[in-house]
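Spelled out, the chains give:
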Amino acid sequence: MKEQKLDWFLVKSLSRDSKYAVEKEQVIKLIRAIVEIGSERRRPGAANACASGAVPLSSAVMRSVIAVAESADDPFRPICLQTLTEICEPSLRHISRRS
């Protein structure tokens, strides 16, 4: 994703107000698709497997998703919380297997 320079557009769209709900919804769908594709590539035996625990999102995009999840009045708060949970879940499984 870093090669495509989408970070700025994703962050900008997530920071918009409720007038741009459709744009914000599409950005969240794109982020969730990127996370899903990245997690599929990390599965054991998958071609081009990424490093364990790596999320294919920049820290700026992650911070933007967290900011939406922290905003109590944002209508996209629940889906951002679910997205963050899905990002953290594989890491937690990996940690629990090592313990």
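Refer to the structure printed above.
Residues numbered from 1 in each chain as written. Predicted model: local features only at pLDDT ≥ 70, side-chain atom pairs only at ≥ 80, totals over all residues. Heavy atoms only, no water.

## Focus: the side chain of Asp74
Okay, so step 1: You can see Asp74 is positioned in the loop between α3 (59–70) and α4 (77–98).
Okay, so step 2: With a relative accessible area of 13%, Asp74 lands in the buried category.
Okay, so step 3: At 2.8 Å, the side chain of Asp74 and the backbone nitrogen of Phe76 are in polar contact.
Okay, so step 4: Excluding residues that lie within four positions of it along the chain, Asp74 makes contacts with Lys24 and Val68. (Helix = DSSP H or I, 4+ residues; strand = E, 2+ residues; numbered from the N terminus. Buried < 20%, exposed > 50% of the residue type's maximum accessible area, 1.4 Å probe, protein only. Polar contact = N/O pair within 3.5 Å; in protein donor to acceptor, adjacent residues only side chain to side chain. Contact = heavy atoms within 4.5 Å.)

## Describing helix α1 (residues 7–14)
Okay, so step 1: Turning to α1, its buried residues are Asp7, Leu10, Ser13 and Leu14. Looking down the long axis of α1, one finds its buried residues gathered within 140° of arc, a one-sided arrangement. Of the exposed residues in α1, those oriented more than 90 degrees away from the buried face are Trp8 and Phe9. (Arc of directions from axis to C-beta.)

Everything listed is a geometric property; what it means functionally is a separate question.
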